[in-house]
Amino acid sequence: MKMFAMVIDRYGPPEVLHGASIKVTSLGPFDVLIKNYATSVNPVDWKVRQGFLQARLSLKFPAILGWDAAGVIEQVGAGVSRFQVGDKVFTRPAIDRPGTYAEYVVVNENLVAEKPTSLNFLEAACVPLAGLTAWEALVEHAHIRAGQRILIHGGAGGVGGFAIQLAKAMGLYVLTTTRKVNTEYVTALGADDVIDYESQAFERVVEDVDVVLDTIGGTVQEKSFGVLRPGGILVSIAQPPDQKQAEEHHVKAVWFFLEPDGKKLQALGQLFAEGKMKPTVGNVFALRDIQAAHVLSQSGHSVGKIGIVIDPEMAYQH
């Protein structure tokens, strides 16, 4: 069976993305075939496209990028037990298989979760990678708990926005950095204190936080050590932190690369189903226009998530 997909034949600028007719991957015994209605663009997409992550992910061309999907199961492998044909699902697939810029996606059932009924397919497709990243950072690495203070860098971004909501849902006091134009947005997400990084040096106005979520890296990461209380933790999704600096400030510092999991995604989805979290789809593009979506993501100034519609008739259905 053939499908339409946006692929790359080499590493390079957004222009290397182009449409192609691609054969759908054969199902393994524990795989499900998802008719994909929507996906989204994350910063990791263009970093892979440019070849920045070749040491971790070696692509076989033509390659399909994308690591978010929401749709309906059309076929199941012989050993699949958790899902059946017709189930509405969302997923963050494995990075070593063909991606989600395509009409169909083949995924191991262990990476799939039921789509929250409160979300349409486009909204659901904007959750898995960024939402699970926020979950893994705060719940599994920082071990956040009610009453703590957390500084989230880049609160208007995809991961930052989910992290604000997750931290508030778990009872933390949330500080975040963003541009002044996004102050109202991050406040609506639940931020208690907003620092405009264009006019304020966060390291001068923030102190004694229990957790820092670093989504920026570089000098932002370096300056973040000084705002942590002794015994606090810096969790970075941008780059590995300097362990010597961490020791000097008597704090912990970790970096991680997301490990997707369907059960974690199910737990995260429950927060959306209960109304404790919501996705913000800031910009929407058609699959054929994904070059423009990459340009926007690479600018660093998108608000919320960048959604990609694959099936216009179904993407907005619940």
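Everything numeric in this text was worked out from a predicted model, so none of it was measured. (Residues numbered from 1 in each chain as written. Predicted model: local features only at pLDDT ≥ 70, side-chain atom pairs only at ≥ 80, totals over all residues. Heavy atoms only, no water.)

## Section: the overall build of the protein chain
Working step 1: When helices and strands are tallied, the protein chain shows ten helices and 16 strands.
Working step 2: Taken across its 318 residues, the protein chain has 53% of its residues classed as buried.
Working step 3: Looking at the protein chain alone, contacts between residues at least 24 apart form 64% of all its contacts between residues at least 6 apart.
Working step 4: A total of about 13600 Å² of accessible surface is found on the protein chain, and carbon and sulfur atoms cover 50% of it.
Working step 5: When the 29 basic and 34 acidic side-chain charges of the protein chain are each reduced to a single mean position, those positions are 2 Å apart. (Helix = DSSP H or I, 4+ residues; strand = E, 2+ residues; numbered from the N terminus. Buried < 20%, exposed > 50% of the residue type's maximum accessible area, 1.4 Å probe, protein only. Contact = heavy atoms within 4.5 Å. Areas by Shrake-Rupley, 256 points an atom, 1.4 Å probe, with all protein chains shown as cover. Lys, Arg positive; Asp, Glu negative; His and termini not counted. Charge placed at Lys NZ, Arg CZ, Asp CG, Glu CD.)

## Side note on helix 4 (residues 158-169)
Working step 1: Here helix 4 spans 17 Å end to end across twelve residues, near enough to the 16 Å set by a 1.5 Å rise per residue.
Working step 2: Helix 4 sits mainly inside the fold: ten of its twelve residues count as buried.
Working step 3: Listed as buried for helix 4 are Gly158, Val159, Gly160, Gly161, Phe162, Ala163, Ile164, Gln165, Leu166 and Ala167.
Working step 4: Directly beyond the C-terminal end of helix 4, a positive phi value near 85° is found at Gly171. (Expected span 1.5 Å × (residues − 1).)

## What about the sheet that holds strand 9 (residues 149-152)?
Sheets are built from strands paired through backbone hydrogen bonds, the pairs being either parallel or antiparallel.
Working step 1: Here we have six strands laid out as an open sheet, ordered 11-10-9-12-13-14, and parallel in their pairing. Looking at strand neighbours, the two that pair on one side only are strand 11 (193-196) and strand 14 (252-255), the edges of this open sheet. Within this sheet the neighbouring strands show an average axis-to-axis angle of 15°, counted without direction.
Working step 2: Across three bridges, strand 9 lies against strand 12 (residues 209-214) in parallel orientation. From the neighbouring strand, Leu151 faces strand 12, where its bridge partner is Val212. (Pairing = 2+ DSSP bridges. Axes fitted to C-alpha atoms, helices over the stretch in contact; angles between N-to-C directions.)

## Details of the layout of surface pockets
Working step 1: Quantified by volume, the second largest pocket comes out at close to 290 Å³.
Working step 2: The wall of the second largest pocket is formed by 17 residues, among which Lys60, Pro62, Ala63, Arg97 and Pro98 lie closest to the centre.
Working step 3: Where the lining of the second largest pocket is concerned, the elements lending two or more residues are strand 2 (18-23) and strand 4 (63-64).
Working step 4: Residues that form the lining of the second largest pocket fall into these classes: eleven nonpolar, two polar and four charged. (1 Å grid on protein atoms, 1.4 Å probe; cavity = no way out; pocket = protein on both sides within 12 Å on 5 of 7 lines; lining within 4 Å. Points joined across faces, edges and corners; volume = space filled by probe spheres on them. Nonpolar A, V, L, I, M, F, W, Y, C, P; charged D, E, K, R; others polar.)

## Considering empty space enclosed by the protein
Working step 1: With the rule as written, the count across this model stands at two cavities of 30 Å³ or more.
Working step 2: What lines the largest cavity is simply Met3, Lys23, Val24, Thr25, Arg97, Pro98, Gly99, Tyr104, Val105 and Val106.
Working step 3: In terms of residues, the lining of the largest cavity owes the most to one element, strand 7 (residues 104-108), which gives three residues.
Working step 4: Its volume calculated, the second largest cavity comes out at about 50 Å³.
Working step 5: Looking at the second largest cavity, the residues that line it are Gly157, Gly158, Gly161, Phe162, Gln165, Tyr185, Lys278, Pro279, Thr280, Gly304 and Lys305.
Working step 6: With four residues, the top contributor of residues to the lining of the second largest cavity is helix 4.
Working step 7: For the lining of the second largest cavity, the per-class residue count stands at three nonpolar, six polar and two charged.

## Concerning the nonpolar core
Working step 1: Counting residues in each nonpolar core, the largest one holds 82 residues, and the members touching the most others are Ile64, Tyr101, Leu138, Ile150, Leu268, Leu287 and Ile290.
Working step 2: Looking at this core element by element, the count peaks at seven residues for helix 3 (residues 128-141).
Working step 3: Excluding residues that lie within four positions of it along the chain, Leu138 makes contacts with His143, Ile144, Ile150, Ala163, Leu166, Ala167 and Leu213.
Working step 4: With 14 residues, the next largest nonpolar core counts Phe202, Val209, Val227 and Val251 among its residues. (Core = buried A, V, L, I, M, F, W, Y, C linked by side-chain atoms within 4.5 Å.)

## So, the pattern of salt bridges
Working step 1: Within the structure shown, the criterion is met by nine salt bridges.
Working step 2: Residues Glu140 and Lys264 are paired through a salt bridge, measuring 3.4 Å at the closest nitrogen-oxygen approach. One end of the pair, Glu140, is in helix 3; the other, Lys264, is in helix 9 (residues 262-273), with 124 residues separating them in the sequence.
Working step 3: For Glu140, a relative accessible area of 32% gives the class partly exposed.
Working step 4: A residue is classified by how much of its surface remains accessible, and Lys264, at 16% relative accessible area, is buried.
Working step 5: Overlapping salt bridges bring together Glu136, Glu140 and Lys264 as one network. (Salt bridge = Lys/Arg side-chain N within 4 Å of Asp/Glu carboxyl O.)

## Structural notes on the pairing of strand 14
Working step 1: Across four bridges, the pairing between strand 13 (residues 228-236) and strand 14 is parallel. Bridge pairing in strand 14 links Ile233 to Lys252.
Working step 2: Handedness of the crossover joining strand 13 and strand 14 through helix 8 (residues 243-248): right-handed. (Right-handed = clockwise from strand over helix to strand, strands pointing away.)

## Regarding a negative patch on the surface
Working step 1: Taken together, the side chains of Glu222, Asp242, Glu247 and Glu248 make up a negatively charged region of the molecular surface.
Working step 2: Note that Asp242 resides in the loop between strand 13 and helix 8.
Working step 3: The exposure class assigned to Asp242 is partly exposed, which follows from its relative accessible area of 37%. (Patch = residues over 30% accessible without salt bridge, like charges linked within 9 Å, V, L, I, M, F, W, Y side chains within 5 Å.)

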